[in-house]
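What follows is the residue order along each chain.
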Amino acid sequence: MFLNLNHYKLDVYKSAKELRLECYKILSGLPDSERFNLTDQIRRASTSVVLNITEGCSRKSETERKRYFEIARGSVIELDSCMDIVVECDYIKKENLEKAGSLIKTSFVLLSGMLKS
């Protein structure tokens, strides 16, 4: 934000930020009984994606960079599983999660590409 670093321009970073915002919108549809479980998990995982991409981009070593990108991709997979639980518990209909699903796929693909390069 204040540092105006190059990772702000990356598609993977933009996708991760959009995914995080979409996840935060989804949280309002979850019952209060999930406040200390699923809600917190989605909040942490979606934030983890953004922060690990950021930290990975700041590393000089390719090995270190890729490790942070792997962690970010793991958090994307975690969000996918969280959305599965949300649907299974009938908190939100699958068709209302299409935007989140698309962002999960995009973030996963982009992170996978960063790990291959």
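Scroll up a little and you will see the structure.
Just so you know, these numbers come straight off a predicted model, no measurement behind them.

> Is there a simple way to explain the overall build of the protein in this structure?
Along its length, the protein carries four helices and zero strands. In the protein, the succession of α and β elements from N to C terminus is α-α-α-α. Here the C-alpha atoms of the protein give a radius of gyration of 14 Å, agreeing with the 13 Å that 2.2 N^0.38 yields for 117 residues. Taken along the three principal axes of its C-alpha coordinates, the protein extends 45 × 30 × 20 Å. Within the protein, contacts between residues at least 6 apart in sequence are counted, and of these 71% link residues at least 24 apart. Of the roughly 7300 Å² of accessible surface on the protein, 53% is carried by carbon and sulfur atoms. Averaged over its 19 positive side-chain charges, the protein has a centre that lies 8 Å from the centre of its 17 negative ones.

> How do you make sense of the side chain of Ser-15 when you look at a structure like this?
If you trace the backbone, Ser-15 turns up in helix α1 (residues 11–27). A polar contact of 2.8 Å, which involves the side chain of Ser-15, links it to the side chain of Ser-107. Setting aside residues up to four positions removed in sequence, Ser-15 forms contacts with Leu-103, Thr-106, Ser-107 and Leu-110.

> Can you walk me through the environment of Ala-45 in this structure?
In this fold, Ala-45 is placed in helix α2 (residues 38–58). Considering only alpha carbons, one finds Ala-45 and Val-12, 33 residues apart in sequence, at a separation of 16 Å. Sequence-distant contacts of Ala-45, that is, excluding residues within four places in its chain, are made with Ser-75, Glu-78 and Leu-79.

> How should the packing of aromatic side chains be read in this particular structure?
Geometrically, a pair of aromatic rings is defined through the distance of the ring centres and the angle of the planes. Tallied over the entire structure, the rule returns one aromatic pair. Its guanidinium or amino end placed over the ring of Tyr-24, Arg-20 lies 4.7 Å from that ring's centre, counting from NZ or CZ. When the ring centre of Tyr-24 is taken as reference, the NZ or CZ atom of Arg-43 above it lies at 5.8 Å.

> Even after reading the chapter, I still don't get the environment of Thr-54, so can you show me in this structure?
Relative to the elements of secondary structure, Thr-54 occurs in helix α2. On the basis of relative accessible area, Thr-54 is assigned to the partly exposed category, the value being 23%. Separated by 20 residues in the primary sequence, Thr-54 and Gly-74 have C-alpha atoms spaced 15 Å apart. Apart from the residues lying within four places of it in its own chain, the contact partners of Thr-54 are His-7 and Tyr-13.

> Help me understand a nonpolar patch on the surface in this model?
A contiguous nonpolar patch, built from Ile-77, Phe-108 and Val-109 and spanning about 260 Å² of accessible area, is present on the exposed surface. One can find Val-109 in helix α4 (residues 98–116).

> I keep staring at the nonpolar core and nothing clicks. Help me out?
The nonpolar side chains of a soluble globular protein tend to be buried, and buried together. Judged by nonpolar contacts, the single largest core of 28 residues is most densely connected at Leu-30, Ile-42, Ile-53, Leu-79, Met-83, Val-86 and Leu-111. Among the elements of the structure, α1, α2, α3 (62–88) and α4 are those that each provide at least two residues to this core. Other than its neighbours up to four places away in sequence, Met-83 contacts Cys-23, Ile-26, Ile-42, Leu-97 and Ile-104.

Calculation criteria
Each chain has its residues counted from 1, following the order in which its sequence is written. pLDDT decides what is reported in this predicted model: residues at 70 or higher carry local features, side-chain atom pairs at 80 or more are listed and counted, and totals for whole chains, interfaces and linings draw on all residues regardless. Hydrogens and waters are ignored; side-chain quantities use all the structure's heavy atoms. In this description a helix means any DSSP run of H or I spanning at least four residues, a strand means any run of E spanning at least two, and both kinds are numbered starting from the N terminus. With C-alpha atoms as the basis for the radius of gyration, the globule rule is written as 2.2 Å multiplied by the number of residues raised to the power 0.38. Contacts: residue pairs with any heavy atoms within 4.5 Å of one another. Shrake-Rupley sampling with a 1.4 Å probe provides the accessible areas, and residues are treated as covered by the protein chains on show and by no other component. Residues scored as charged are limited to Lys and Arg (positive) and Asp and Glu (negative), so that His and the chain ends carry no count. By convention, the point assigned to a charge is CZ for Arg, NZ for Lys, CD for Glu and CG for Asp. Think of a polar contact as two N or O atoms within 3.5 Å of one another; within protein, one of them needs to be a possible hydrogen donor and the other a possible acceptor, and neighboring residues in sequence only count if both atoms come from side chains. A pair of aromatic rings is counted whenever rings of Phe, Tyr or Trp (Trp by its six-membered ring) have centres within 6.5 Å, and the orientation is called stacked for planes under 30 degrees apart, edge-to-face for over 60 and tilted otherwise. Placement of a charge over a ring requires the Lys NZ or Arg CZ to be within 6 Å of the ring centre, with the centre-to-atom vector within 35 degrees of the ring normal. Each residue's exposure class comes from its accessible area (1.4 Å probe, protein chains only) as a fraction of the maximum for that residue type: buried when under 20%, exposed when over 50%, partly exposed otherwise. In this analysis, a patch consists of residues with relative accessible area above 30% that form no salt bridge, clustered at 9 Å for like charges and at 5 Å for the nonpolar side chains Val, Leu, Ile, Met, Phe, Trp and Tyr. Salt bridges are defined by distance alone: a side-chain nitrogen of Lys or Arg within 4 Å of a carboxyl oxygen of Asp or Glu. Residue types Ala, Val, Leu, Ile, Met, Phe, Trp, Tyr and Cys, when buried and joined through side-chain atoms within 4.5 Å, form a set referred to as a nonpolar core.

Distances and angles like these do not, on their own, reveal function.
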